Each structure stands twice: as C-alpha cells, then as structure tokens.
Amino acid sequence: MADSNELDIRAMQLAADGRIEAFGEIVGRHQNVLLNFFRRLGADTDRAEDLVQETFVRLYQWRNRYRPSAKFNTFLFTLARHAWVDFLRKEARTIKVTSNEISEDAEARDDTSAEVGRHLDVMDALERLSDKMRAVVVLNVYHGLNYREIGEVLDIPEGTVKSRMFQALRLLRELLE
Amino acid sequence: MTDYPSDMQERISEYVSGCMNPAEQENFERELAGDAELRREVDSLTRVRMRLLEDPDKKTGRDLTRDVLDRIRADNARDAGYGWLYRVAAVLLVAVGLVALYFYARGPIRTMPDCTRRSVAPEMEVAGISACKWLTRNQSNDGTWDTAAYGGRPEVAVGVDGLALLALLEHDGFREQATRAARALLARQSDDGCFGAGTLASMYNHGIASVALLKAERKLGLQGVSAKLDKAVCYIVRAQAPDGGWGYCFGKKTTSNLAVTVWQVQALKEAAASGHIGAAACLKRGMAYVRSLVSEDNHLQYMAGDRGMGRSSGLDAMGAYCLLMDMDAEARAKGAAMFARLVDTYAVNSDRAVDPYCLFFLVRAGRLAGLSAAERSLNRWRRSLADAQVALGPDHGSLNYWNVNRGNVGGRVYATAMLAVALQ
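Residues numbered from 1 in each chain as written. Chains lettered and ligands numbered in written order. Predicted model: local features only at pLDDT ≥ 70, side-chain atom pairs only at ≥ 80, totals over all residues. Heavy atoms only, no water.

Now for the overall build of chain A. Within chain A one finds ten helices and zero strands. When the helices and strands of chain A are listed from N to C terminus, the series reads α-α-α-α-α-α-α-α-α-α. Burial analysis of chain A (177 residues in total) assigns 58% to the buried set. Of the accessible surface of chain A, which amounts to about 7300 Å², a share of 45% is contributed by carbon and sulfur atoms. (Helix = DSSP H or I, 4+ residues; strand = E, 2+ residues; numbered from the N terminus. Buried < 20%, exposed > 50% of the residue type's maximum accessible area, 1.4 Å probe, protein only. Areas by Shrake-Rupley, 256 points an atom, 1.4 Å probe, with all protein chains shown as cover.)

With 49 residues of chain A at the contact, the number on the chain B side is 53 residues. Overall, the association of chain A and chain B removes approximately 4700 Å² of surface from exposure, summing both partners, and the carbon and sulfur fraction of that is 56%. Across the chain A-chain B interface, the total number found is four salt bridges. The salt bridge partner of Arg173 of chain A is Glu41 of chain B, with a shortest N-O separation of 3.2 Å. One can count 16 residue pairs in polar contact (both at pLDDT 80 or more) joining chain A with chain B. For the side of chain A that touches chain B, the secondary-structure elements that each account for two or more residues are α2 (20-41), α3 (45-61), α7 (122-127), α8 (131-142) and α10 (158-176) of chain A. (Contact = heavy atoms within 4.5 Å. Buried area = accessible area lost by both parts, 1.4 Å probe. Salt bridge = Lys/Arg side-chain N within 4 Å of Asp/Glu carboxyl O. Polar contact = N/O pair within 3.5 Å; in protein donor to acceptor, adjacent residues only side chain to side chain.)

A separate point is the pattern of salt bridges. One pass over the full model with this rule turns up 27 salt bridges over all chains. Put simply, Asp86 of chain A and Arg58 of chain A hold a salt bridge, and the shortest N to O gap is 2.9 Å. Of this pair, Asp86 of chain A sits in helix α4 (residues 72-90) while Arg58 of chain A sits in helix α3; the two residues are 28 residues apart in sequence, bridging distant segments of the chain. With a shortest N-O distance of 2.9 Å, Arg364 of chain B and Glu170 of chain B are connected by a salt bridge. Of the two residues, Arg364 of chain B is situated in helix α15 (residues 356-369) and Glu170 of chain B in helix α7 (residues 157-170); the sequence distance between them amounts to 194 residues.

All names here are of chain B. Summarising the element assignment, Ala271 is placed in helix α11 (residues 258-273). Sequence separation between Ala271 and Val233 is 38 residues; the distance between their C-alpha atoms is 7.4 Å. Non-local contacts of Ala271, meaning those with residues more than four positions away in its chain, are made with Leu214, Val233 and His276.

This next bit is on α8 of chain A. Residues and elements named next belong to chain A. If you check α8, its first and last C-alpha atoms are 16 Å apart, about what twelve residues at 1.5 Å a residue would give, namely 16 Å. Within α8, eleven of the twelve residues are buried, which leaves the element mostly enclosed by the surrounding structure. Within α8, the full set of buried residues consists of Asp131, Met133, Arg134, Ala135, Val136, Val137, Val138, Leu139, Asn140, Val141 and Tyr142. Looking one or two residues past α8, Gly144 carries a phi angle of roughly 70 degrees, positive in sign. (Expected span 1.5 Å × (residues − 1).)

So, about the packing of α2 of chain A against α4 of chain A. To characterise two packed helices, one gives the angle between the axes of the helices and the distance between these axes. Residue and element names in this part refer to chain A. Close contact between α2 and α4 brings their axes to 11 Å; oriented N to C, the two are set at 50 degrees. The angle between the axes of α2 and α4 places the two elements in the oblique class. Here α2 runs over α4; the crossing is right-handed. Judged by residue contacts, Ile26, His30, Val33, Leu34, Phe37, Phe38 and Leu41 of α2 engage Phe72, Asn73, Leu76, Phe77, Ala80, Arg81 and Trp84 from α4. Residues belonging to the contact of α2 with α4 are distributed by class as follows: eleven nonpolar, two polar and one charged. (Axes fitted to C-alpha atoms, helices over the stretch in contact; angles between N-to-C directions. Parallel < 35°, antiparallel > 145°, perpendicular 65-115°, else oblique. Left-handed = near helix turned anticlockwise from the far one by under 90°. Nonpolar A, V, L, I, M, F, W, Y, C, P; charged D, E, K, R; others polar.)

The share of residues in chain B with pLDDT of 70 or more is 88%, and the mean pLDDT across the chain is 82. Note on residues 107-118 of chain B: pLDDT is under 50 here. Beyond four places in sequence and across chains, it has eleven contacts. (pLDDT = per-residue confidence, 0-100.)

Grouped together as the largest cluster of nonpolar side chains are 191 residues, with contacts concentrated most on Phe23, Phe38, Phe56 and Leu59 of chain A together with Ile12, Leu165 and Trp263 of chain B. Tallying contributions element by element places α2 of chain A first for this core, with eleven residues. Leaving out residues up to four positions away in the same chain, Ile12 of chain B has contacts with Phe166 of chain A together with Tyr4, Phe28, Leu38, Glu41, Val42 and Leu45 of chain B. (Core = buried A, V, L, I, M, F, W, Y, C linked by side-chain atoms within 4.5 Å.)

What follows is about unusual backbone geometry. Look at Asp155 of chain A: it is not a glycine, yet its phi comes out positive at around 60 degrees. Along the chain, Asp155 of chain A turns up in the loop between α9 (147-154) and α10. Of the residues examined, Asp155 of chain A reaches a relative accessible area of 69% and is grouped as exposed. Phi is positive for Asn298 of chain B, close to 65 degrees, though the residue is something other than glycine. Of note, Asn298 of chain B is situated in the loop between α12 (280-292) and α13 (313-325).

All names here are of chain B. The interhelical angle for the contact between helix α9 (residues 202-220) and α11, taken along N-to-C directions, is 25 degrees, at an axis separation of 8 Å. Taken together, α9 and α11 sit at an angle that is classed as roughly parallel. Note on packing geometry: the crossing formed by α9 with α11 is left-handed. Packed against α9, whose contacting residues are Met203, Tyr204, His206, Gly207, Ile208, Ser210, Val211, Leu214, Lys215 and Arg218, the element α11 presents Ala259, Val260, Trp263, Gln264, Gln266, Ala267, Glu270 and Ala271 at the interface. Partitioning the contact of α9 with α11 into residue classes produces ten nonpolar, five polar and three charged.

This part covers the confidence of the model for chain A. Overall, the prediction assigns chain A a mean pLDDT of 81, with 82% of residues at 70 or greater. Segment residues 95-119 of chain A is flagged for pLDDT under 50; beyond a separation of four residues in sequence, or across chains, it makes 46 contacts in the model.

The full count for this structure, using the stated rule, is 19 aromatic pairs over all chains. Ring geometry for Tyr321 of chain B against Phe361 of chain B: centres 6.1 Å apart, planes inclined by 50 degrees, an arrangement best described as tilted. Of the two residues, Tyr321 of chain B is situated in helix α13 and Phe361 of chain B in helix α15; the sequence distance between them amounts to 40 residues. Cation over ring: Arg40 of chain A sits above Tyr142 of chain A, and NZ or CZ is 3.7 Å from the ring centre. Against the face of Phe360 of chain B rests Arg364 of chain B, its NZ or CZ located 4.0 Å from the ring centre. (Phe/Tyr/Trp six-rings, centres within 6.5 Å; stacked < 30°, edge-to-face > 60°. Lys NZ or Arg CZ within 6 Å of the ring centre and 35° of its normal.)

This is the structure:
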C-alpha cells in the first residue's frame, strides 16, 4: 500500500517527465496543510493562499533536481519556510505578527507578563511567539515533524530545536493558563 | 520557575513531544518519579501542547490546484518563448471571468431539493460499507490498526482503534473483524483499568475505547469481558475532576474540557444502559459540568471561562448531543435548540463542509432530538462526505485525512472510521 510520501515522490517523478496533472495531485494533497502552516506562522488567509501557490510553483521548479533522500514533507516545508522568509523580507516586516512578537531575550520576556491573566486563544498565543519559536512549535505540534526534520527545515542544530521548543512551551503556558 | 540546564530542557522537550526511545523514556520517568517539581513542569508543558492541538485546521477557500497549474503553464509558456500564447490565455481568462460574472449576476444556481428520506440513503450505506471494507483490509492480524503507518500519531492509536471498532459495529457484515478489534482493545487494558495508559491523551483514548467496547459487548454478545468493563468504568469515575468534567490525563490537577468529557459521559451512559456498575452520581456531575459550559446565548464553551477555543460547530454538536442525553428537561430543551440552530446554519450555507467528527455528534443528536426535518440536511452532509471518499486505487473506500479536521492527529484510519460511522 502506497503511503502519502510514496505517492508524492511518484508524482514528482511523473511531473519531471512532463505530466503536469500528476503535480496537481500533490497540490490537492498538501494545499490545506500548507495553508494552515502559513496561517499559524501569522499570515492572514489571503496571504496564506498566495504563499501556498508560491510554494508549489517553487516545488515544481525543483521537479528535475528533486531526490527523495528525506521525507517529501520535510522538503516541502523547507520550501514553504523559504517562501515565508522571503515574504517577510518583501513585506518589510509590516504584518502584525512581527509588530507584537515576543523576542527571546529576558527583557522582552518581562513584557510577556503583561499578557498573563488575559484570556488568549491558541492563535493569539502563537502570534505572540517570535518567528523562530513559532516555526518550531507549528512544525512539531501541527505537522508532526520530529526534531531532526525540523532542524533540516530550519537549517539549525537539533539541540537548538529542542531548546526553542522548551522555551516556546513555557511562554505559551504563561499566555494560555 | 526553575531554570533547567540546556540538556535537561532538550530532554523535557523530547519527552513532552513523545520523541524519546523506550529506554530514554524509562530513565526519564524514573527521574520524574523522584522529582516532584520536574514532574509538575513536565505535566504543565504537556497540557500546553495538548491545548495547542485543539486549534482546528482550516481549509482553503477554494481548490488552488487549477490556479497553481495555470501559473506553472503560464511560466512554462513564457519560458519557451511563447509570450503570445500567455497573452491569448490571459484574454481567454478574462473572457471566462466575464461569463462567470454574468452568471453570478443572474443569481445563484438553484439545485433541486433532496428527496425526503427518513433514514440513510442507500448509496450512503454502500459508501459506509466501502469505508468499513477499507478498515478491514488494513486491519492487522492481531485486530489493531497501525495508526502511525497511515499518517496518525501513535499516542492516539487506542482511541483510533476504538473509533474503527465503532465503525464496524455500525454496519452489518463485519462481526468477525469487530470481535478481533474488541479483543485487541481489551488486551491493552492496564491494571488500573485504563485503555491507552501512559499517553498524552490517555482519557481521550480511554473514553473512546470504553464507549466502543461497551457497545461491542452488547452487539456482539462478548463473553467474559464484564469485569474488565466494570474496571474501565471505575477508572472514569476515579479520573473525574472536582468540577465534574474530565481532562486529557488522569488526575485531579488536569483541566477539564468538553471534548474529553463528552466521551466519558457517553461511556457512562452506555454502561448504565448495559447494566454495568452504577455510576449515576458521577454521570450527574458530568452532565452538570456540560451544562455549566453553556453560554448565555446557548453556545458551548470548550472549557470553563472559554479559554482557548472560542465557538465552533463541533463544540456545539458535542454539547447538543450531551444536553439531549440529560435527565433535566431544561437542558434537553437547550440541546434541541442548539441542534436546530446547527441544522439551520448548515442549511443556509449549503456548501459549508461538514467534518466527520462534527457529523458523528450531529447524527447522534439528531436521533435524540427526533427532528424529522433534520433528516434531509443530515443526508446532504453525509453525501458531501461520501463525495470526498477515495474512489480508485489501493485506498478506495477511505477518506483522505489531510482534508479532515484532526486528520493530522488520527490519520487515515481515523478519517475513514469517522466517515463510516457518520454514514450510518
């Protein structure tokens, strides 16, 4: 029985052979996953849909060079992450996430205490994490990537991923409880 | 708040995310047993992680496949030096857009109303049986399902197996496979009575497995399981929080929420119906907890004070089902009003997707509400789910989990089991 990963790899091979409809299957399978990825990183729905399209266009450009050495999802999220970083640069950090994000340093963490006691929902709380922490939480909690895979996507050591996860969960605890 | 060294932070992260191997986990749990503060830290971070999982997935407003492929084709055409083709395509697109605008201006296309049915339409039954066949084709010899191999998370495997058992019990012709599934679940009961102990969502697992096994005992006539099921009911009673609800894990410090509570209440109801150990007082407190979550405008909150989730159709569907089971007449009236509102909401927004978990509770609430007017809506929602069923290939009969709420947690076995249950 072919799992999702095998189907994706096969579809990428077919796309490389010029079968664009096969690529459409990948889009159908992953569009909602990517939409939620971008949404939880802080994009509104319209921007998230644009970013989903952008990621798939980039993926298609990789069709001849793609080698299934890792899980397809890991590769897809790497491209999605790059699309997100490019978007942030292009938007000159104007989206609201970056305007009220919590930085990782202790001084900024003191500001977090102002939020405590206020009822925040999960999305509000996520938005108050730094971009780096949020990416770790989103990839692990909502997309099931393990720490090694997250390290590959974000291009950081596995140990850093784990530390960021710990710090992020502590901040979220303050914000949610 | 303790400042843990970086290696301890890493180990806590690994444990909370369920990423440790068995040997590491055993060592870590030994440390936890001897360090109350560390235990508190780990428990609270685990609860935070579980809270995050309750944020529901959203879907794209439209299928983006065509947009993406059009963009790729346009890029290809431009790259190949066929800029003129790109311009022609653009003109054509504008023309199509104008035609679409014309039809839009004419008003929505009305579809013929569904024929009125008082039961599940035959084609829905066929679709439900097809979903069960996928489940049985992919059932392991020992009666379990490999949740992780089909895109789910191992920590919810017991609950997912419980849902698959519920699905097989809802349709005729799967007695042998259902019996194997029930026996496999019973074999996973720990000494304290819990199904799925030691996982981050043990009460979810336990509640779902208990409901499924109590139904299985009655429907399949399972022999020699009564004591085990009594033990399971006792576990639910012991796990009840002081506020009357249940949280993700056993213990008085766990935070109660509706999503976990609704399964324990179902299990206690099922136990009472099948003559198991009496837990009337516990059930009464559970029902009172659900009533306490009803807002002034008759919506269900996820937990006391509405922390975390906000409103959703799924919560209202769970709540309506619970309230309709209540002995209190006022609560039942609220449940009926809530259910009627859900039907209206979906009837007005006929293109709104119904997720199978929500439909599971809507179907049950509909049975209790006895609203014949809802039958047509229920069948339409069932049809929209059946339309999403995989029609070809090795996974035919199943439901693609990446399009389903909570699909990223339960995987294909979960999505398909919910489909099969919703179609009955």
